[in-house]
Amino acid sequence: MNELKITNLSKTYPNGVKALDDISLTITNGMFGLLGPNGAGKSSLMRTIATLQEPSKGSLSFNGTDILKEPQIIRAQLGYLPQEFGVYPKISAYKLLDHIAILKGILNNKDRKEQVEALLIQTNLYAQRKKSVSNFSGGMRQRFGIAQALLGDPKLVIVDEPTAGLDPEERNRFHNLLSDIATNMIVILSTHIVEDVRDLCTHMAIMGDGQLLTQGIPSQLMDELKGNIWHRTINKKDLPAFQKAFKVIATRLFSGKTQIRVLSDHCPERGFEMVDPDLEDVYFTTLINRQPVTH
Ligand SMILES: Nc1ncnc2c1ncn2[C@@H]1O[C@H](COP(=O)(O)OP(=O)(O)OP(=O)(O)O)[C@@H](O)[C@H]1O
């Protein structure tokens, strides 16, 4: 079992933005979902774990090794799919993956050929191996991104907002690929898409304004809200009045009608119906309450 331990981690950028504020979190094998709105600090946390930037305070250890003191230990065991992969050179997917493998230190020709071919097959890109990645669709690029992250048999894989812009079929394919790899390693999925976490993750945390607002097992976090989520269809023009009177956590359109979900430990008023909490309720309730977890 691998263990990533994050203790009291803070990061303030030179411009004064406090992107991470005293984060403590322990992550073990499986898919871990890190949810938060834009600017919450997810990418800052991912880059710090990947040792691409140093924290201002706090410590980070991987399987007992202090990775701030010995960053090469995590670098050798890390696969990273960043939010922006940059520009792809106009060479074939096979050649590019082979090149990245050399950069990762896989120098034995036979081993490298085996790994590159196996990963192209695993990510369903073998048939397209002679095509340039710059001509790939968004979904194919993301699968290529996973292939490069898996080179060298990592124990920790970080994927930052991987499904943004993918169509439902590609997203599904990408999800299956991620869940297949997460059995023997830690996979951290950083996203603002609640469904990605709901579909894939055994553990999760929610960040807001650089702070860790909650963490736990998705089903347990949903159970904790049982009896507190109420639903009602309203006229759109009445929305401001409902927002004034109740804690409206979400507004959804369904067949052109406005539906609201309200957080309350009792029936807010006649016409509301109690519903089973979903992960979006956990997410929005957490962001509205904004009480960081204390350790
Ligand atoms: N290199 C940097 N220098 C200064 N400020 C930064 C830097 N990188 C991020 N920030 C700021 O830190 C805060 C957290 O940003 P970060 O990118 O970590 O959040 P995020 O949750 O990943 O959001 P997004 O999904 O938009 O990437 C934001 O206010 C952002 O503007």
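Residues numbered from 1 in each chain as written. Predicted model: local features only at pLDDT ≥ 70, side-chain atom pairs only at ≥ 80, totals over all residues.

Focus: the overall build of the protein
Note the cut-off: Helix and strand labels come from DSSP, where a helix needs a run of H or I of at least four residues and a strand needs a run of E of at least two; each type is numbered from the N terminus. Only the C-alpha atoms count toward the radius of gyration. The rule for a globule is 2.2 Å times the residue count to the power 0.38. Exposure is read from a count of other C-beta atoms within 10 Å of each residue's own; the residue is exposed at 12 or fewer, buried at 20 or more and partly exposed in between. C-beta atoms are placed from the backbone.
For the protein, the helix and strand inventory stands at ten helices and 14 strands. Against the 2.2 N^0.38 benchmark of 19 Å for 295 residues, the protein shows a C-alpha radius of gyration of 21 Å, consistent with a compact globule. Each principal axis of the C-alpha atoms in the protein carries an extent, and together these give about 70 × 45 × 35 Å. Evaluated residue by residue, the protein yields a buried proportion of 36% over its 295 residues.

Thoughts on the site of the ligand
The cut-off we apply is this: Placing a C-beta atom from the backbone of each residue, we mark the residue near a molecule or strand if the atom is within 6 Å of it. Each residue gets one label: Ala, Val, Leu, Ile, Met, Phe, Trp, Tyr, Cys and Pro are nonpolar, Asp, Glu, Lys and Arg are charged, and the others, such as Gly, are polar.
Taken together, 13 residues lie around the ligand, and Tyr13, Ala19, Asn38, Ser43 and Ser44 are the ones closest in. In terms of residue class, the shell around the ligand is made up of four nonpolar, eight polar and one charged.

Regarding the sheet that holds strand S8 (residues 186-191)
The test is simple: At least two DSSP bridges between two strands are needed for those strands to be called paired. Convention adopted: a line fitted to C-alpha atoms gives each axis, helices being fitted over their contacting stretch, and angles between N-to-C directions are expressed from 0 to 180 degrees. Residues are scored as being in contact if the C-beta atoms we place from backbone atoms lie within 7 Å.
The mixed open sheet is built from six strands, whose spatial order is S6-S7-S8-S3-S9-S10. One side of each edge strand has no neighbouring strand; the edge strands of this open sheet are strand S6 (78-81) and strand S10 (211-216). Neighbour-to-neighbour, the strand axes of the sheet open up by a mean angle of 15°, direction not taken into account. Pairing analysis gives five bridges linking strand S7 (residues 156-160) to S8, with the strands arranged parallel. Across the sheet, residue Asp160 finds its bridge partner in S8, namely Ser190. Here helix H10 (residues 279-289) sits on the sheet in contact with strand S3 (30-35), strand S9 (203-208) and S10, set at roughly 35° to S9.

So, the nonpolar core
How we decide: To form a nonpolar core, buried Ala, Val, Leu, Ile, Met, Phe, Trp, Tyr and Cys residues must be joined through C-beta atoms within 7 Å.
Grouped together as the largest cluster of nonpolar side chains are 64 residues, with contacts concentrated most on Phe32, Ile158, Val187, Ile188 and Leu189. Apart from the residues within four sequence positions on either side, Val187 is in contact with Met31, Phe32, Val157, Val159, Leu178, Ile181 and Ala182. Ranked by size, the runner-up nonpolar core spans seven residues in total, among them Ile229, Trp230, Val248 and Leu263.

Some thoughts on the pairing of strand S2 (residues 18-28)
One ladder, built from seven bridges, connects strand S1 (residues 3-12) with S2; its direction is antiparallel. Its bridge partner being in S2, Thr12 is matched across the sheet by Lys18. The loop that links S1 with its antiparallel partner S2 comprises five residues; one of these, Gly16, has a positive phi angle of about 95°.

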